[in-house]
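# Residue-level structural notes
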Amino acid sequence: MVIDNQQEVQTITLNGTNYSLNLREIETFMQQCDLFMDANQNEFDTMTQIISDQLIDNANANTSVPELRAQLKFLREVSFLLRCMLSPAGPTSKY
């Protein structure tokens, strides 16, 4: 993966495909989350854990283990992404 640093939009190249990462959209996401929860690393972890628990507890009896595994792994990766991507900036942060 290659990240091209720009002011508000960064380009990420993954498997030969370019994707735009818009920092304004991330800011908007954080603001929207802040309307119904404390938008920070711990709360994102808590929210994804709650969703995981709900997924497991309310899964249809016919849902296969591979289906649940993929969904739970996705939530874990989303939690990891948010935790890493939205870490509080310190005075020496270069991000």
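Structure report, in brief. (Residues numbered from 1 in each chain as written. Predicted model: local features only at pLDDT ≥ 70, side-chain atom pairs only at ≥ 80, totals over all residues. Heavy atoms only, no water.)

Quick look at the overall build of the chain now. A tally of helices and strands in the chain yields 3 helices and 3 strands. Sequence-ordered secondary structure for the chain, helices as α and strands as β, is β-β-β-α-α-α. Considering only intrachain contacts with a sequence separation of at least 6, the fraction spanning at least 24 residues in the chain is 29%. Of the roughly 7,700 Å² that the chain leaves accessible, carbon and sulfur atoms contribute 53%. (Helix = DSSP H or I, 4+ residues; strand = E, 2+ residues; numbered from the N terminus. Contact = heavy atoms within 4.5 Å. Areas by Shrake-Rupley, 256 points an atom, 1.4 Å probe, with all protein chains shown as cover.)

Before going further, it helps to examine unusual backbone geometry. Of note in the backbone geometry, Asn15 takes a positive phi value of approximately 55 degrees without being a glycine. Owing to a relative accessible area of 77%, Asn15 belongs among the exposed residues under this scheme. (Buried < 20%, exposed > 50% of the residue type's maximum accessible area, 1.4 Å probe, protein only.)

If you walk through the whole model with that rule in mind, you get 1 aromatic pair. Relative to Phe44, the ring of Phe29 lies with its centre 5.9 Å away and its plane at 15 degrees, an arrangement referred to as stacked. With Phe29 in helix 1 (residues 23-34) and Phe44 in helix 2 (residues 41-57), this pair connects stretches of sequence that are 15 residues apart. The class for Phe44 is buried, based on a relative accessible area of 4%. (Phe/Tyr/Trp six-rings, centres within 6.5 Å; stacked < 30°, edge-to-face > 60°.)

Let us now look at a nonpolar patch on the surface. Taken together, the side chains of Leu35, Phe36, Met47 and Ile51 make up a nonpolar region of the molecular surface, amounting to roughly 430 Å² of accessible area. Along the chain, the position of Ile51 falls in helix 2. (Patch = residues over 30% accessible without salt bridge, like charges linked within 9 Å, V, L, I, M, F, W, Y side chains within 5 Å. Salt bridge = Lys/Arg side-chain N within 4 Å of Asp/Glu carboxyl O.)

A separate point is the pairing of strand 2 (residues 9-14). Pairing analysis gives 6 bridges linking strand 2 to strand 3 (residues 17-22), with the strands arranged antiparallel. Bridging from a neighbouring strand, Val9 pairs with Asn22 of strand 3. Hairpin connection from strand 2 to strand 3: 2 residues lie between these consecutive antiparallel strands, with Asn15 at a positive phi of about 55 degrees. (Pairing = 2+ DSSP bridges.)

Between its first and last C-alpha, helix 2 extends 24 Å over 17 residues, near the 24 Å set by a 1.5 Å rise per residue. Buried within helix 2 we find Phe44, Asp45, Thr48 and Ser52. Around the axis of helix 2, the buried residues are gathered within 100 degrees of arc, so they sit on the same side. Turned more than 90 degrees away from the buried face of helix 2 sit Asn42 and Asp57, all of them exposed. On its buried face, helix 2 is in contact with helix 1 and helix 3 (65-85). (Expected span 1.5 Å × (residues − 1). Arc of directions from axis to C-beta.)

Bringing the nonpolar core into the picture now. If you look at the biggest cluster of nonpolar residues, it comprises 7 residues: Ile26, Cys33, Met37, Ala39, Phe44, Leu82 and Leu86. Setting aside residues no more than four positions away along its own chain, Leu82 makes contact with Phe29 and Phe44. (Core = buried A, V, L, I, M, F, W, Y, C linked by side-chain atoms within 4.5 Å.)

Contact geometry for helix 2 and helix 3: axes closest at 9 Å, N-to-C directions at 175 degrees. Classified by the angle between their axes, helix 2 and helix 3 sit roughly antiparallel to one another. Where helix 2 approaches helix 3, its residues Gln41, Phe44, Asp45, Thr48, Ile51, Ser52, Leu55 and Ile56 are matched on the opposing element by Leu68, Gln71, Leu72, Leu75, Ser79, Leu82 and Arg83. Looking at the contact of helix 2 with helix 3 residue by residue, the classes come out as 8 nonpolar, 5 polar and 2 charged. (Axes fitted to C-alpha atoms, helices over the stretch in contact; angles between N-to-C directions. Parallel < 35°, antiparallel > 145°, perpendicular 65-115°, else oblique. Nonpolar A, V, L, I, M, F, W, Y, C, P; charged D, E, K, R; others polar.)

Any functional reading would require information beyond the geometric quantities listed.
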